[in-house]
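Listed below are the residues making up each chain.
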Amino acid sequence: MGNKVLILGGSRYFGKRLVQLLASEGQEPVTVATRGLLKVDFAGEVQQVVLDRTDAASLRDVAQSGPWDIVYDNICYSPNEALAAVQAFEGYAGRYIVTSSASVYDYLDHTLAEADFDPYHYELKMGDRDTLGYAEGKRLVETVFMQKAKFPVCAMRIPIVLGLDDYTRRLHFHIEHVQQGRTIGVPNPEAAISFITSGEVASFMKWLGTASITGPVNGSSNGAVTIGQLIRMIEQATGKEAHIAPETREEHMSPFGIPVSWTMDTAKAQAAGYTFQSVQEWLPELIRDIVSGQ
């Protein structure tokens, strides 16, 4: 029998991919806890339970249905939610992987490494997700786990996640604008950015579940692309010329429109044994697949 795994939030995108990846191997009992709003059919044997992630009692009930060898938490957005998890899973989690974000980093003049945001010494403040911005919420989620948890925790920091299953359709936004001849607002076409695919996030999370690495860890495809390079890939795939401008109406501003380069250093994960794909291996193909309507 393999590890007993609990996944908080696994009904879509890379959370769903993680469930399918673990369940398809048939070695690890997998339980998925979600709000139960979406009916999801998984390949393989998966137990589904209903969870209100904002309710400490609901979280405690799920935790105590363990103990769990590995807990993956994809739906923690505030320090209040993080503290509830720390308290609920004490004695019930062998290892805890919480999904964080590159948004914990400020815009700096170098490639972003884990030391550029230190949750071990960040000021701990409590609050709910509706009182905090996304970035500050994730900083404080990490802060709670790193300062309060008595079980091993890894905070997976990832950049913008792309894939055919991306419900935010951020890459689709750019492709559709080029296809329709609409102007895209791009503040700095030379700003470089990191990406990762939804499939690789799932693979990386699976690896983190049994790796010895703890604390914050960056996960990103190797290499980076500038926004201008991304636009040129789209032009090549669509056969149409893109129209970009530094400013336009808000609804036409690029979701990738960063002012300066924002790229991630993955040396920590690679030193621990993980090998990431190159962004150049998958991004042009993904653009072609979206253009062709897949």
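Note that the coordinates shown come from a computational prediction; the quantities given were computed from them, not determined experimentally.

A few points about the packing of helix α5 (residues 170-180) against helix α7 (residues 227-238)
Look at α5 against α7: their axes get within 10 Å of each other, and the N-to-C directions meet at 55°. Considered as vectors, α5 and α7 are oriented oblique to each other. The handedness of the crossing between α5 and α7 comes out as right-handed. The residues of α7 that touch α5, namely those facing L171, H174, I175, V178 and Q179, are L230, I231, I234 and T238. For the contact of α5 with α7, the class distribution of residues is six nonpolar, three polar and no charged.

Describing the nonpolar core
Core analysis: the biggest nonpolar cluster contains 33 residues, and L162, L171, F195, F256 and L283 have the highest contact counts within it. Contributions of two or more residues to this core are made by β7 (160-162), α5, α7 and α9 (279-291). By residue number, the principal contributor to this core is α9, which donates six residues. In this structure, F195 is in contact with P159, I160, L162, S220, S221, V225, F256, W282 and L283, ignoring residues within four places of it in sequence.

Things to note about the pairing of strand β1 (residues 5-8)
Burial of the side chains of β1 extends over both faces: V5 and I7 are buried on one face and L6 and L8 on the other. Looking at chain direction, β1 and strand β2 (residues 30-34) are connected through four bridges and run parallel. Its bridge partner lying in β2, I7 is registered against V32. The pairing of β1 with strand β4 (residues 70-73) spans four bridges and is parallel. Within β4, the residue paired with L6 across the bridge is V71.

Quick notes on the pattern of salt bridges
In total, this model carries ten salt bridges according to the counting rule given. Among the ionic pairs, R53 bridges to D73, the shortest N-O distance being 2.7 Å. Of this pair, R53 sits in the loop between β3 (46-50) and α2 (56-63) while D73 sits in strand β4, placing them 20 residues apart in sequence. E136 serves as the salt-bridge partner of K125, at 3.6 Å between the closest nitrogen and oxygen. Here K125, found in the loop between β5 (96-99) and α4 (134-148), pairs with E136, found in helix α4; they are eleven residues apart in sequence, far enough to count as distant. Linked by salt bridges that have partners in common, D106, K125, E136 and R139 make up one network.

Description of the side chain of E200
Locating E200 in the fold gives a position in helix α6 (residues 198-210). No salt bridge forms around the buried E200; measuring N to O, its nearest opposite-charge neighbour R17 is 11 Å away. Within the local environment of E200, its side chain forms a polar contact with the backbone nitrogen of Q277, the two atoms lying 3.2 Å apart. With residues up to four places along the chain from it excluded, the contact list for E200 reads S221, Y274, T275, F276 and Q277.

What to know about the environment of E25
Among the structural elements, E25 can be located in helix α1 (residues 13-25). Between the C-alpha atom of E25 and that of M233, which follows or precedes it by 208 residues, the distance is 35 Å.

A few points about the sheet that holds β4
Overall, parallel pairing links the seven strands, which are arranged β3-β2-β1-β4-β5-β6-β11 in an open sheet. Strands with a single pairing partner mark the edges of an open sheet, and in this sheet they are β3 and β11 (215-218). Across the sheet, the axes of successive neighbouring strands diverge by a mean angle of 20°, strand direction being ignored. As paired elements, β2 and β3 share five bridges and run parallel to each other. Looking at the pairing, T31 lines up with Q47 of β3. Contacting β4, β5, β6 (153-157) and β11, α4 runs over the sheet at an angle of about 160° to β6.

Cut-offs applied
Residues numbered from 1 in each chain as written. Predicted model: local features only at pLDDT ≥ 70, side-chain atom pairs only at ≥ 80, totals over all residues. Heavy atoms only, no water. Axes fitted to C-alpha atoms, helices over the stretch in contact; angles between N-to-C directions. Helix = DSSP H or I, 4+ residues; strand = E, 2+ residues; numbered from the N terminus. Parallel < 35°, antiparallel > 145°, perpendicular 65-115°, else oblique. Left-handed = near helix turned anticlockwise from the far one by under 90°. Contact = heavy atoms within 4.5 Å. Nonpolar A, V, L, I, M, F, W, Y, C, P; charged D, E, K, R; others polar. Core = buried A, V, L, I, M, F, W, Y, C linked by side-chain atoms within 4.5 Å. Buried < 20%, exposed > 50% of the residue type's maximum accessible area, 1.4 Å probe, protein only. Pairing = 2+ DSSP bridges. Salt bridge = Lys/Arg side-chain N within 4 Å of Asp/Glu carboxyl O. Lys, Arg positive; Asp, Glu negative; His and termini not counted. Polar contact = N/O pair within 3.5 Å; in protein donor to acceptor, adjacent residues only side chain to side chain.

Spatial relationships are all this shows, so hold off on functional conclusions.
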